Amino acid sequence: MLDFSSALYLGMRHAAAELAPWSSLTLGKPAALQEPPGAQALAAQLAALQGCAAACVLPSTLHLFWDLFGMLAAEPLVILIDGGSYAIARWGAERARALGLPLRLFPSGDVPALRQLVAAWRGRGRRPLVLADGYVPGSEQALPLAAYAALAAQGGGYLLLDDTQVLGVSGPQGGGSARLHGLRGGWDGQGGQLIVGASLAKGFGVPLAVLAGSASLLRRFAAHSQTRVHASPPSAAVLAAARRALALNARHGDALRASLAARVAQWRAGMAAAGIACRGGAFPVQRLPGCAPLQQGLRAAGVLALAQAGGQAGTLTFLLRADHTPGQLEQAMGLLEHHIRRRHERHL
């Protein structure tokens, strides 16, 4: 089976035998009482990778956004959400709304709409908390994150990025959106603050979350976090996998990202040559509108892709990886073109 349903974009996998050993899977203590061994050093590495001043690690982005929005709900903010934002960060925003913060959506990428919202709420004494994804899967263009950051700064607020899709995949050394867009992970000269939440599960293949930003914000977070008191911290196994991922990234990350870019370019060229509409730009998430009904036929032929709702006939999504070979892509594209042609012939 040719699998195009896995988001391990760089092809990183961490078998038990490849990890450094640990003496205890867990300390049996919350992080607020004692950090797991190596967690702080790992967080410092992740902060530096993302161009941020400080960071901490958490078991998941659900823990991260639940805690972060709970803390920020105490400030006079308005939550302004880019319409392409992913569900888990929105769940955190909904917690803040339940705690009293107003919340508004704006069309994804629409800077004028965001500017109007920032100005309107500033007049009501509310600073902006702009929530956006580093990359919206299936989009042809990157979001205008520098413009978002400037508007957040003008309003004395925050830009909060969910960078799960981007961390490890894009930016210098795979450092993600902050470095890719030239954003600073702390207070900038105008007073706006960048906060980045991300999972390592995609680019680095590790089910671990990292919150990065200014040192002052991370100190506040450590003092106010509820999940660091009431939930288990990341296990020793997960931390060992993350350390291995960063070591692999330092040695081979640029080569893996180059291979991934070559696979995406090959796919885009093949789709264009076959006349198949495809969305996703240069990112490894490639979506074919109206093609979801082809999933079963392709699966029977040995190609696994994701069928997703949207549009009249849904979307068929292919997740490309650095460990896909050119031959595997050629095989998948040939089968895809064959099934599209057969469907077209049936409708004539």
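What you see is a predicted model, and the numbers here were worked out from it, not measured in a lab. (Residues numbered from 1 in each chain as written. Predicted model: local features only at pLDDT ≥ 70, side-chain atom pairs only at ≥ 80, totals over all residues. Heavy atoms only, no water.)

(A) The overall build of the protein, seen in detail. Within the protein, the regular secondary structure consists of 11 helices and 12 strands. Taken against the 2.2 N^0.38 rule, which gives 20 Å for 348 residues, the C-alpha radius of gyration of the protein at 21 Å falls within 12% of a compact globule. Structurally, the protein occupies a C-alpha span of about 60 × 55 × 30 Å along its principal axes. For the protein, the computed accessible surface area is about 14800 Å², with 56% contributed by carbon and sulfur atoms. Within the protein, one finds 31 positive and 18 negative side-chain charges whose respective centroids are separated by 4 Å. (Helix = DSSP H or I, 4+ residues; strand = E, 2+ residues; numbered from the N terminus. Rg over C-alpha atoms; globule rule 2.2 N^0.38 Å. Areas by Shrake-Rupley, 256 points an atom, 1.4 Å probe, with all protein chains shown as cover. Lys, Arg positive; Asp, Glu negative; His and termini not counted. Charge placed at Lys NZ, Arg CZ, Asp CG, Glu CD.)

(B) Spotlight on the sheet that holds strand E7 (residues 193-199). Reading across the sheet, the seven strands line up as E2-E8-E7-E6-E5-E3-E4 and stay open at both edges, with mixed pairing between neighbours. Bordering the open sheet on either side are strand E2 (54-58) and strand E4 (103-106), each of which pairs with just one other strand. Between one strand axis and the next, the sheet turns by 20° as a mean value, whatever way the strands run. Bridge analysis of E7 against strand E8 (residues 209-213) gives four bridges, and the strand direction is antiparallel. Bridging across to E8, Gly197 finds its partner in Leu211. Packing of helix H3 (residues 87-98) onto the sheet brings it into contact with strand E3 (77-82), E4, strand E5 (127-133) and strand E6 (158-162), and relative to E3 it is tilted by some 155°. (Pairing = 2+ DSSP bridges. Axes fitted to C-alpha atoms, helices over the stretch in contact; angles between N-to-C directions. Contact = heavy atoms within 4.5 Å.)

(C) Local environment of the sheet that holds strand E9 (residues 285-289). Across the sheet, three strands lie side by side as E9-E12-E11; this open sheet has antiparallel pairing. Across the chains shown, the open sheet's two edge strands, defined by having one partner strand only, are E9 and strand E11 (306-308). Geometrically, the sheet is characterised by an average inter-axis angle of 30° between neighbouring strands, direction not taken into account. Direction of pairing for E9 relative to strand E12 (residues 315-319): antiparallel, over a ladder of five bridges. In the sheet register, Val285 faces E12, and the bridge partner there is Leu319. On top of the sheet, helix H9 (residues 236-274) reaches E9 and E12; it is set at about 15° to E9, its chief contact.

(D) Representation of the side chain of Gln165. Mapped onto the elements of the fold, Gln165 is located in the loop between E6 and helix H6 (177-180). With relative accessibility at 14%, the residue Gln165 sits in the buried group. A polar side-chain atom of Gln165 sits 2.6 Å from a polar atom in the side chain of Tyr9. Look past the residues within four positions of Gln165 in its chain and what remains in contact with it is Tyr9, Tyr135, Pro137, Lys202, Phe283 and Val285. (Buried < 20%, exposed > 50% of the residue type's maximum accessible area, 1.4 Å probe, protein only. Polar contact = N/O pair within 3.5 Å; in protein donor to acceptor, adjacent residues only side chain to side chain.)

(E) Main features of the pattern of salt bridges. Enumeration over the complete set of coordinates arrives at eight salt bridges. For the salt bridge of Arg268 with Glu140, the shortest nitrogen-to-oxygen distance reads 3.2 Å. One end of the pair, Arg268, is in helix H9; the other, Glu140, is in the loop between E5 and helix H5 (145-154), and 128 residues separate them in sequence. Here Arg268 falls in the partly exposed class, since its relative accessible area comes to 25%. Overall, the relative accessible area of 31% leaves Glu140 in the partly exposed class. The salt bridge partner of Arg257 is Asp254, with a shortest N-O separation of 3.0 Å. Within this pair, Arg257 and its partner Asp254 are both found in helix H9, separated by three residues, close to a single helical turn. (Salt bridge = Lys/Arg side-chain N within 4 Å of Asp/Glu carboxyl O.)

(F) Geometry of the nonpolar core. Formed by 62 residues in total, the largest nonpolar core has its most connected members in Tyr148, Leu159, Leu200 and Leu208. Broken down by element, this core gets its largest block of residues, nine residues, from H9. (Core = buried A, V, L, I, M, F, W, Y, C linked by side-chain atoms within 4.5 Å.)

(G) Molecular detail of the pairing of E5. Among the seven residues of E5, six are classified as buried, and the element is accordingly described as predominantly covered. Direction of pairing for E5 relative to E6: parallel, over a ladder of five bridges. Following the sheet pairing, Val130 is matched in E6 by Leu159. Assessed by its sense of winding, the connection that carries the chain from E5 through H5 to E6 is right-handed. (Right-handed = clockwise from strand over helix to strand, strands pointing away.)

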